[in-house]
Amino acid sequence: MSRIPVLLAAAVAASLALPAAAQSRGDWTMGVGVHAVDPKSDNGRLDATALELGLLPPTQVGGSVRPTITAEYFIRDNLGIEVLAAAPFQHDIDIRGVGRVGSTRHLPPVVSLQYHFANASAATPFVGLGVNYTTFFDEETTGALSGTRLSLGDSWGLAAHAGVDIAIGKRGALRIDARWADIETTVKVNGVNVGKANLDPLVYGLAWVWKF
């Protein structure tokens, strides 16, 4: 995780000598990029006693990389509302000491209110706060849970966003950014509630942003 602040600082330092365009009320931007979803470690402990599996060790949901797209409309100078969408992320689900027990796919759209710190350089930092909705689907089981039905409930939570846009040309910018999302999902096996998984992932990557 510590690599991200270093990358952001390096990007800012490398572009201080270049002019940047301010974001004005009524402007639109669109970004296309690639981002990694990296859930936190030890996402939760499942109690499958009712299924004669007992208290399972901590679960681990693996990371995933997918293309993303954003659109932002500026309701005031430097203040915008952004919507994030992505191709479905796919994650393996492991139980410590047991191995892979399943997989799932999810969509994590986010709506954020963002402020861009316009300045005399080409590097425009920004911060945002919003709401994340995550829906899970295509759950599959294997290994210790093979033959069971796994389902993960949808999740609502806060999301934070920070990054920097590095202007390249009049209407283009390279974006380096990171997000955090509060994602907590109810886990059911064969319809029985066996606990919760707290994913709370960091989402980080690169994008190209166009201004309209």
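These notes cover the structure that comes with them. This is a predicted model, so every value here is computed, not measured.

1. Focus on unusual backbone geometry
Glycine aside, a negative phi is what most residues show, and trans is what most peptide bonds show. For Asn-190, which is not glycine, the phi torsion reads 55 degrees and is therefore positive. Examined against the element boundaries, Asn-190 turns out to sit in the loop between strand E13 (184-189) and strand E14 (192-198). Despite not being glycine, Asp-200 has its phi angle at roughly 35 degrees, a positive value. Looking at the secondary structure, you find Asp-200 in the loop between E14 and strand E15 (202-211). Classification of Asp-200 as buried rests on a relative accessible area of 18%.

2. Some remarks on a nonpolar patch on the surface
Together, Trp-28, Met-30, Val-32, Ile-69, Tyr-73, Ile-75, Ile-81, Val-83, Val-111, Leu-113, Trp-210 and Phe-212 line one region of the surface with nonpolar side chains, adding up to about 1000 Å² of accessible area. Of all the secondary structure elements, the ones that give two or more residues to the nonpolar patch are strand E1 (28-38), strand E4 (64-76), strand E5 (79-86) and strand E8 (110-116). Tracing the sequence through the fold places Met-30 in strand E1. For Met-30, a relative accessible area of 34% puts it in the partly exposed group.

3. Section: the pattern of salt bridges
Under the defined criterion, the tally for this structure stands at 5 salt bridges. Asp-27 is paired through a salt bridge with Lys-211; the nearest N and O atoms lie 3.5 Å apart. In this pair, Asp-27 is assigned in the loop between helix H1 (3-14) and E1 and Lys-211 in strand E15, connecting sequence segments 184 residues apart. The same class applies to Asp-27 as to Lys-211, namely buried. Its salt-bridge partner being Arg-179, residue Glu-82 comes within 2.8 Å of it at the nearest N-O pair. Linking Glu-82 in strand E5 with Arg-179 in strand E12 (residues 172-181), this pair joins segments that are 97 residues apart in sequence. Residue Glu-82 is classed as buried on the basis of its relative accessible area of 0%. Where salt bridges share partners, they join Glu-82, Asp-165, Arg-175 and Arg-179 into one cluster.

4. Considering the nonpolar core
Ranked by internal contacts, the top residues of the largest apolar core, which has 18 residues, are Ile-93, Leu-150, Leu-152, Val-187 and Leu-199. At the level of secondary structure, the elements contributing two or more residues to this core comprise strand E6 (89-95), strand E10 (150-152), E13 and E14.

5. Some thoughts on the sheet that holds E10
The sheet built from 3 strands is open, its strands ordered E10-E13-E14 with antiparallel pairing. Since the sheet does not close on itself, it has two edges, and those belong to E10 and E14, each with one partner. This sheet shows a mean twist of 25 degrees between the axes of neighbouring strands, independent of strand direction. Two elements, E13 and E14, share 6 bridges in a ladder whose sense is antiparallel. Looking across to E14, one finds that Val-189 is bridged to Val-192.

6. A short note on the environment of Ala-162
Relative to the elements of secondary structure, Ala-162 occurs in strand E11 (residues 155-168). A sequence separation of 15 residues divides Ala-162 from Asp-177, and the C-alpha atoms of the two residues are 5.7 Å apart. Among residues more than four places away in sequence, those in contact with Ala-162 are Phe-126, Val-127, Asp-177 and Ala-178.

7. Structural notes on the pairing of strand E9 (residues 123-141)
Pairing analysis gives 5 bridges linking strand E7 (residues 99-107) to E9, with the strands arranged antiparallel. Directly across from Leu-107, in E9, lies its bridge partner Thr-135. Judged from the 7 bridges that link them, E8 and E9 form a sheet pairing that is antiparallel. Bridge pairing links Val-111 to Val-131 in E9. Sheet topology note: the E9/E11 ladder contains 12 bridges and is antiparallel. Bridging from a neighbouring strand, Thr-134 pairs with Ser-155 of E11.

The rules behind the values
- Residues numbered from 1 in each chain as written.
- Predicted model: local features only at pLDDT ≥ 70, side-chain atom pairs only at ≥ 80, totals over all residues.
- Heavy atoms only, no water.
- Helix = DSSP H or I, 4+ residues; strand = E, 2+ residues; numbered from the N terminus.
- Buried < 20%, exposed > 50% of the residue type's maximum accessible area, 1.4 Å probe, protein only.
- Patch = residues over 30% accessible without salt bridge, like charges linked within 9 Å, V, L, I, M, F, W, Y side chains within 5 Å.
- Areas by Shrake-Rupley, 256 points an atom, 1.4 Å probe, with all protein chains shown as cover.
- Salt bridge = Lys/Arg side-chain N within 4 Å of Asp/Glu carboxyl O.
- Core = buried A, V, L, I, M, F, W, Y, C linked by side-chain atoms within 4.5 Å.
- Pairing = 2+ DSSP bridges.
- Axes fitted to C-alpha atoms, helices over the stretch in contact; angles between N-to-C directions.
- Contact = heavy atoms within 4.5 Å.

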